[in-house]
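Remarks on the overall topology
So you can see what is in the structure, the chains are spelled out below.
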Amino acid sequence: IARVVGLFGILLLALPAGRWTRIHSWCSTVLAAIAVASLAWTGHGAAGEGALGTVQLVGDIIHLLAASAWVGALVAFLMLMSAAREPEALAVAHAALTGFSRAGTIIVGLLIGTGLLNLYILVGLDRLLALGASDYGRLLLAKLALFGLMLVLAAGHRWRLAPALGNDPGPA
């Protein structure tokens, strides 16, 4: 906890008082990524030993970074859409939304891959059919249901809402 609080404290101190530059963006992104990645040492990612433990830890770090990138993108898009009142701002929002599709696909792929890795390491193939018998398994199934819902919403966004935003002429 002290490590995360310290890194976020440094991140807040690094925020510029005046003009935000590209170097500020890179520094804040790196500090935030280190803070998020350090969370892997507080959970089941740090419980393993040997080579498999290292794979589990790296998988958890990638999973946490991908999840935080997804949440960060959602927050950024919400902020962008709430400010998009003029046709030019809507065009910028549309470009950002459609431009995120490749990164979003990579993020979802990383979440699925590292999630499957965790499933293999933590549950095992032999206990896969008995997931609903434990509290952990039921929580995992609920998380997977939410992830599935997120994928359905993302698909609807990608193939219906984003193209519709691009065709919107704006306020008359």
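Below you will find a few notes about this structure. (Residues numbered from 1 in each chain as written. Predicted model: local features only at pLDDT ≥ 70, side-chain atom pairs only at ≥ 80, totals over all residues. Heavy atoms only, no water.)

Details of the nonpolar core
Threshold: We call a set of buried Ala, Val, Leu, Ile, Met, Phe, Trp, Tyr and Cys residues a nonpolar core when their side-chain atoms join them within 4.5 Å. Relative accessible area decides the class of each residue, using a 1.4 Å probe on protein chains only: under 20% of the type maximum gives buried, over 50% gives exposed, and in between gives partly exposed. Helix and strand assignments come from DSSP, with helices taken as H or I runs of at least 4 residues and strands as E runs of at least 2, each series counted from the N terminus. The contact definition used throughout considers only heavy atoms, calling two residues in contact when any of these lie within 4.5 Å.
Core analysis: the largest hydrophobic core is formed by ten residues, namely Ala66, Trp70, Ala73, Phe77, Leu97, Phe100, Ile107, Val108, Leu111 and Met150. Looking at this core, the elements with two or more residues in it are helix 3 (50-83) and helix 4 (87-123). With five residues, the top contributor of residues to this core is helix 4. Among all residues touching Ile107, those that are not within four sequence positions of it are Ala66, Ala69, Trp70 and Phe100.

A look at the pattern of salt bridges
Put simply, the test is: By definition, a salt bridge exists where a carboxyl oxygen of Asp or Glu is found within 4 Å of a side-chain nitrogen of Lys or Arg.
For the structure shown, the criterion picks out one salt bridge. For the salt bridge of Arg138 with Asp135, the shortest nitrogen-to-oxygen distance reads 2.5 Å. Taken as a pair, Arg138 and Asp135 lie in helix 5 (residues 135-167) at a separation of three residues, close to a single helical turn. The class of Arg138 is partly exposed, set by a relative accessible area of 42%.

Details of the environment of Ala89
As for its placement among the helices and strands, Ala89 is situated in helix 4. Judged by its relative accessible area of 26%, Ala89 falls in the partly exposed class. Sequence-distant contacts of Ala89, that is, excluding residues within four places in its chain, are made with Ala83 and Ala84.

Concerning the environment of Ala67
Looking at the secondary structure, you find Ala67 in helix 3. Separated by 44 residues in the primary sequence, Ala67 and Leu111 have C-alpha atoms spaced 7.0 Å apart.

A closer look at the environment of Gly109
Inspection of the secondary structure assignment puts Gly109 in helix 4. Through-space distance from the C-alpha of Gly109 to that of His24 is 29 Å; in sequence the pair is 85 residues apart.

A look at the packing of aromatic side chains
Spelled out, the test is: Note on aromatic pairs: the rings of Phe, Tyr and Trp (six-membered ring only in Trp) are paired at centre separations within 6.5 Å, and the planes decide the class, stacked below 30 degrees, edge-to-face beyond 60, tilted for the rest.
Scanning the model with the defined rule gives two aromatic pairs in all. An angle of 80° between the planes, with centres 5.3 Å apart, marks the rings of Phe77 and Phe100 as edge-to-face. Of this pair, Phe77 sits in helix 3 while Phe100 sits in helix 4; the two residues are 23 residues apart in sequence, bridging distant segments of the chain. Taken together, Trp70, Phe77 and Phe100 form an aromatic cluster joined through their ring pairs.

As for the side chain of Ser38
As for its placement among the helices and strands, Ser38 is situated in helix 2 (residues 22-38). When its relative accessible area of 4% is taken as the criterion, Ser38 is described as buried. With residues up to four places along the chain from it excluded, the contact list for Ser38 reads Arg3, Val4 and Leu7.

Details of the packing of helix 2 against helix 3
Note the threshold: Lines fitted to C-alpha atoms define the axes, with helix axes restricted to the stretch in contact, and inter-axis angles between N-to-C directions lie between 0 and 180 degrees. Note on angle classes: values under 35 degrees are labelled roughly parallel, values over 145 roughly antiparallel, values of 65 to 115 roughly perpendicular, and the remainder oblique. Handedness of a crossing is defined here by the sense of rotation of the near helix relative to the far one, left-handed for an anticlockwise turn of less than a right angle and right-handed for a clockwise turn. Amino acids are sorted into nonpolar (Ala, Val, Leu, Ile, Met, Phe, Trp, Tyr, Cys and Pro), charged (Asp, Glu, Lys and Arg) and polar (every other residue, Gly among them).
At a minimum axis distance of 8 Å, the contact between helix 2 and helix 3 shows a crossing angle of 130°. Viewed along their axes, helix 2 and helix 3 adopt a mutual orientation that is oblique. When you trace helix 2 past helix 3, the crossing you get is right-handed. Each of Ala33, Val36 and Ala37 in helix 2 lies in contact with helix 3, whose residues at this interface are Ile61, Leu64, Leu65 and Ser68. Considered class by class, the residues forming the contact of helix 2 with helix 3 number six nonpolar, one polar and no charged.

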